[in-house]
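# Structural description and commentary
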Amino acid sequence: MLVQHVLTDVWYVLQIRKWQQVNSKRYAEKRKYGYTQAQKEDMPPEHVRKVIRDHGDMSSRKFRHDKRVYLGALKFVPHAVYKLLENMPMPWEQVRHVKVIYHITGAITFVNEIPWVIEPVYMAQWGTMWIMMRREKRDRRHFKRMRFPPFDDEEPPLDYADNLLEVDPLEAIELELDEEEDGPVYEWFYDHQPLKYTPFVNGPSYRRWKLPLPIMAVLYRLAGQLLSDFVDRNYFYLFEPSAFITAKSLNMCIPGGPKFEPLFRDMDTRDEDWNEFNDINKLIIRSPIRTEYKVAFPYLYNNRPRKVRLGVYHEPLSMYIKTEDPDLPAFYYDPLIHPLPAYKSGRTGKEGEGDDDDDAEFESWVLPETVEPFMVETQLYSDTTASGIALLWAPAPFNQRSGRMRRACDVPLVNGWFMEHCPQQYPVKVRVSYQKLLKNYVLNSLHRRPPKPTKKKYLLRALKNTKFFQTTELDWVEVGLQVCRQGYNMLNLLIHRKNLNYLHLDYNFNLKPV
């Protein structure tokens, strides 16, 4: 017994020592080639402001050695712009502060964040924005089309510290939620990274979510403006990707679908010696064959089907009807799927006379009082049954109870709109837009290739680990102004480096002859 205790104590000591070693490696100062790198602390925002203000337009001789750094940073500008746009604040946010890393010369600034969102929450937020923006457009109180470019060609980017630092931002756009109806989401719905420190999310890393039924039901209702009303998949027969790809291969166009250039150039057979009129084995159909037939049954109705895809002929019939009235019971008698009314037909004539006695006898018969139906004490449905049935038939991501976070720019908000038939009463320009979006969608799905297995590289993490970059936290608008100024300085330096002195670059990035 004593030996067992000693062995256990030794094992614990070894485990503690191992844990200390791992963590000392993990959190100690990094040593590389004799250089000790201390853990970086966030700099105050005033530091990067002063650096960028001092450098100005790089015309001072004091910064002549930094010009090379600015030109070298030019290849990273697209990534800086991408990270800036990726983290754009949403209409329901007054202001968004983002973590940034910047070069110590002020050459380039990156937003060092990934905008993870809970997909159903994000879609519900945009659903409420849709309602608010429609109201705003109807009332025309603040709605005004923006003219581009907003600033004059020779007006330099505003200095954030001088012009915007003390200015209060405009009010955020928020739909007024009802404390009772929207109770499960009322407190946190418009927060940045909602539910971050709650049991519904895995933790501060913000990577996985798991939401209960009451929250999902409210989110589904709020997102209703953006979601499709079509539950039955048979609605999309001959109007789904495989049908569009088949039509493209056959050089045809489904009504309302996208049009493409011919895939095969050898389709024209008018000059051939052998055609359908002198071929004795050919079946000649005199009536014209509809395009839909050729796409639905490509091997039957086409002479030379190539690169065609067979779609699903029929999905299981859906008997679900989305309820508009929240006061209806969970299980009710809907006249749409029960068209036969429940009443007795009045019989007339000689045949009916003998049946009256039978009917009277049948109606007078009742069950004994002691007989009770099975499960009479069991509740048929609860308050959440109707919501549960609605979520069962809801489109993704509302038919899931848990999932992974997605980047805000990866969540398809309105893709489902152009995947449906465009209503005929819409203007021509809208129908053309639907067709163009569908065309791009089909081309993207055809040209998509599986990603090559490469080792993941983290650019911003690598830059942050060098002694040339510092970190801080800034307002998103300030980062945008800095990136505009940095891009302008880089391109200006490039023009002078190449001795293109007869070209002038204005602040809207237009090249003009001097």
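Here we summarise the structure given alongside this text. (Residues numbered from 1 in each chain as written. Predicted model: local features only at pLDDT ≥ 70, side-chain atom pairs only at ≥ 80, totals over all residues. Heavy atoms only, no water.)

### Considering a positive patch on the surface
Residues R134, K137, R140, R145 and K429 make up a contiguous surface patch of positive charge. Tracing the chain through its elements places R145 in the loop between α5 (119-139) and α6 (160-163). (Patch = residues over 30% accessible without salt bridge, like charges linked within 9 Å, V, L, I, M, F, W, Y side chains within 5 Å. Areas by Shrake-Rupley, 256 points an atom, 1.4 Å probe, with all protein chains shown as cover. Salt bridge = Lys/Arg side-chain N within 4 Å of Asp/Glu carboxyl O. Lys, Arg positive; Asp, Glu negative; His and termini not counted. Charge placed at Lys NZ, Arg CZ, Asp CG, Glu CD. Helix = DSSP H or I, 4+ residues; strand = E, 2+ residues; numbered from the N terminus.)

### Quick notes on the packing of aromatic side chains
In this description, an aromatic ring pair is defined by two values, namely the gap between the centres and the angle between the planes. For the coordinates displayed, the defined rule picks out 18 aromatic pairs. An aromatic cluster of three or more residues is present, and its members are Y237, Y293, F297, Y301 and Y313. The ring of F260 carries the charged tip of K248 above its face, separated from the ring centre by 5.4 Å. One Lys or Arg, R461, reaches over the ring of Y458 and ends 4.0 Å from the middle of that ring. (Phe/Tyr/Trp six-rings, centres within 6.5 Å; stacked < 30°, edge-to-face > 60°. Lys NZ or Arg CZ within 6 Å of the ring centre and 35° of its normal.)

### Comments concerning a nonpolar patch on the surface
Taken together, the side chains of Y237, F297, L300 and Y313 make up a nonpolar region of the molecular surface, amounting to roughly 450 Å² of accessible area. Topologically, L300 is positioned in helix α11 (residues 298-301).

### Points about the pattern of salt bridges
The tally for this structure, following the rule as stated, stands at 14 salt bridges. With its nearest N and O atoms 3.7 Å apart, the salt bridge here joins D159 to R53. With D159 in the loop between α5 and α6 and R53 in helix α2 (residues 45-55), this pair connects stretches of sequence that are 106 residues apart. Residue class for D159 comes out partly exposed when judged on its relative accessible area of 21%. D410 is the salt-bridge partner of R407, the closest N and O atoms lying 2.9 Å from each other. For R407, a relative accessible area of 22% puts it in the partly exposed group. Overlapping salt bridges, with partners in common, bring together K83, E86, R407 and D410 in one network. (Buried < 20%, exposed > 50% of the residue type's maximum accessible area, 1.4 Å probe, protein only.)

Without other data, these values stay purely geometric and don't point to any function.
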